[in-house]
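Structural overview
One letter stands for each residue in the lines below.
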Amino acid sequence: MCSYCIVPFTRGRERSRPVESILDEVRALSDQGVKEVTLLGQNVNSYRDTSQTTYYNDTSKDEHTSNITRLSRGFKTIYRAKKGGLRFADLLDKVAQVNPEMRIRFTSPHPKDFPDEVLQAIKDRPNICRQIHLPAQSGNSEVLKRMRRGYTREAYLELVEHIRSVLPDVALSSDFISGFCGETEEAHEDTLSLIRLVRYDFVYAFAYSMRKKTNAYHKMEDDVPHEVKIQRLTELVDISREEMARANNAKTGTKQLVLIEGPSKKSADDLAGRCDGNTKVILPNMDIPCDRDSTNHSPIRVGDYVVACIHDTSSQVLKGIPLYHTALQDYAKHRENQPCLQRLRKRNLPFMHYAYLPGVQDPVTDR
């Protein structure tokens with residue numbers, strides 16, 4: 001376990017629910033009309049169901065075909081590899097098949113447990129969101145070693161590169177701790193450079209706070225002054241917001257599938273939802289075509305999937321124009337990668353809708 005983590009002492013050992021109980025719950029939620037489910041767990045991707053002998057027994061001696069625990073390349077753990085059981089990739093695939101129109105997310109995983117089977121499941125199932133939380137905690141190998149994370153900076157960056165080679169449009173988020181035991185200014189700079197290199201879509205950052213019972217409490221000194229922790233945290237947050245703004249700005253002019261969650265908190269005239277990458281999207285509340293080829297229009301309601309053209313962004317939010325209603329699987333089948341602003345301007349929209357597009361450079365016609 002990580003040297004700073006109190007969770008095992010408050011929650012106990014990792015336990016995996018039987019897959020059938022999870023599937024029964026997902027089916028019940030689907031029957032109630034729920035459109036998005038998140039698989040939640042501490043190190044959720046280390047899931048291993050041994051409730052049935054069908055999943056548990058594995059007599060294969062080939063490490064590539066047997067159901068033995070396989071870590072991400074360059075990662076290690078202090079625990080013995082476990083054999084047998086239904087793994088997280090299997091669970092993901094089974095949950096995704098319950099209702100292909102229901103979005104599936106998962107959190108929080110550990111970077112060590114990302115075999116290719118998990119990435120392939122995300123790639124193969126359009127309703128598994130291409131959004132991965134990949135907690136780094138630090139960008140310095142020595143700090144990572146003291147944290148007992150089981151990987152180096154180089155191994156983490158190699159994993160990021162591999163994930164993006166399989167899922168080019170994946171949205172990545174991460175956790176970082178500022179001021180862990182023994183963190184030097186150079187180590188802090190390594191973390192800032194990692195954030196710049198990876199270009200996360202979202203970052204969660206915290207100042208280190210030592211907890212009793214942890215390995216760090218017994219064996220390390222909390223030697224970074226509080227004011228230095230806060231200063232480093234502020235720098236980390238500032239850099240993260242810059243990179244998040246760049247990541248979101250790259251989505252300008254693209255189409256995004258948005259699941260509508262409800263009215264915007266800032267305007268009764270707008271709706272709020274989330275794209276596949278889990279970024280909040282703000283859209284004007286208006287009637288739109290019933291599907292991509294329809295001339296009939298209908299209002300946007302909570303729980304609808306809507307295709308939106310993104311025209312403005314910040315570090316936290318995307319803003320767009322809703323183009324048409326869709327189904328998740330239909331969007332995946334007809335997904336178009338070309339920019340949408342040019343098409344939007346050619347549509348016969350009321351002038352008020354063009355007010356949402358001031359000064360936006362069209363990626364095709366204006367460059």
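In the block above lies the structure referred to throughout.
An account of the accompanying structure is given in this report. None of these values were measured; they are calculated from a predicted model.

1. Quick word on the overall build of the protein chain
In terms of regular secondary structure, the protein chain is built from 13 helices and 14 strands. Counting contacts in the protein chain only where the partners sit at least 6 residues apart, residues at least 24 apart contribute 71% of the total. When the accessible surface of the protein chain is totalled, it reaches about 19100 Å², and 49% of it is carbon and sulfur.

2. Some words on the sheet that holds strand E9 (residues 270-274)
Strand pairing in a sheet is mediated by backbone hydrogen bonds. Such pairs are either parallel or antiparallel. Read around the closed barrel, five strands run E8-E9-E10-E14-E13, paired in mixed fashion. Each adjacent strand pair in this sheet contributes to an overall mean axis angle of 50°, direction not counted. Pairing of E9 with strand E10 (residues 280-284) involves five bridges; the strand directions are antiparallel. Across the sheet, residue Arg274 finds its bridge partner in E10, namely Lys280.

3. Comments concerning the state of the cysteines
A covalent bond bridging the sulfur atoms of two cysteines is what the word disulfide describes. Enumeration according to the criterion identifies one disulfide in this entry. The residue that forms a disulfide with Cys309 is Cys340, at a sulfur-sulfur distance of 2.2 Å. Its S-S torsion of approximately 90° makes the covalent link between Cys309 and Cys340 right-handed. Of this pair, Cys309 sits in strand E13 (residues 305-313) while Cys340 sits in the loop between helix H11 (328-333) and helix H12 (341-346), and the two are 31 residues apart along the sequence. Among the residues examined, Cys309 registers a relative accessible area of 0% and is labelled buried. Residue classification places Cys340 among the buried positions, given a relative accessible area of 2%.

4. Things to note about the side chain of Asp175
By the element assignment, Asp175 lies in strand E6 (residues 171-178). Within polar-contact distance, the side chain of Asp175 engages the side chain of His133 at 3.1 Å.

5. Topic: the pattern of salt bridges
Under the defined criterion, the tally for this structure stands at 13 salt bridges. Its salt-bridge partner being Arg232, residue Glu183 comes within 2.9 Å of it at the nearest N-O pair. In this pair, Glu183 sits in the loop between E6 and helix H8 (185-198) while Arg232 sits in helix H10 (residues 226-249), placing the two residues 49 residues apart along the sequence. Glu183 sits in the buried class, given a relative accessible area of 6%. Of the residues examined, Arg232 reaches a relative accessible area of 7% and is grouped as buried. Because the salt bridges share partners, they merge into one network encompassing Glu183, Glu185 and Arg232.

6. Details of the sheet that holds strand E5 (residues 131-133)
Read from one edge of the open sheet, three strands run E5-E6-E7, paired in parallel fashion. Two strands lie at the open edges of the sheet, namely E5 and strand E7 (202-207), each paired on one side alone. When the angles between neighbouring strand axes are averaged without regard to direction, this sheet yields 10°. Across three bridges, the pairing between E5 and E6 is parallel. Following the sheet pairing, His133 is matched in E6 by Ser173.

7. Here we look at unusual backbone geometry
Here Thr107 and Ser108 are connected by a cis peptide whose omega angle stands at -5°. Along the chain, Ser108 turns up in the loop between strand E4 (103-107) and helix H5 (116-124). The backbone of Gln137 shows a phi angle near 75°, a positive value even though the residue is not glycine. Here Gln137 is to be found in the loop between E5 and helix H6 (141-147). A relative accessible area of 8% places Gln137 in the buried class. The phi dihedral of Arg148 falls on the positive side, at around 60°, and the residue is not glycine. Judged by its relative accessible area of 34%, Arg148 is partly exposed.

Conventions we followed
Residues numbered from 1 in each chain as written. Predicted model: local features only at pLDDT ≥ 70, side-chain atom pairs only at ≥ 80, totals over all residues. Heavy atoms only, no water. Helix = DSSP H or I, 4+ residues; strand = E, 2+ residues; numbered from the N terminus. Contact = heavy atoms within 4.5 Å. Areas by Shrake-Rupley, 256 points an atom, 1.4 Å probe, with all protein chains shown as cover. Pairing = 2+ DSSP bridges. Axes fitted to C-alpha atoms, helices over the stretch in contact; angles between N-to-C directions. Disulfide = S-S within 2.5 Å. Buried < 20%, exposed > 50% of the residue type's maximum accessible area, 1.4 Å probe, protein only. Polar contact = N/O pair within 3.5 Å; in protein donor to acceptor, adjacent residues only side chain to side chain. Salt bridge = Lys/Arg side-chain N within 4 Å of Asp/Glu carboxyl O.

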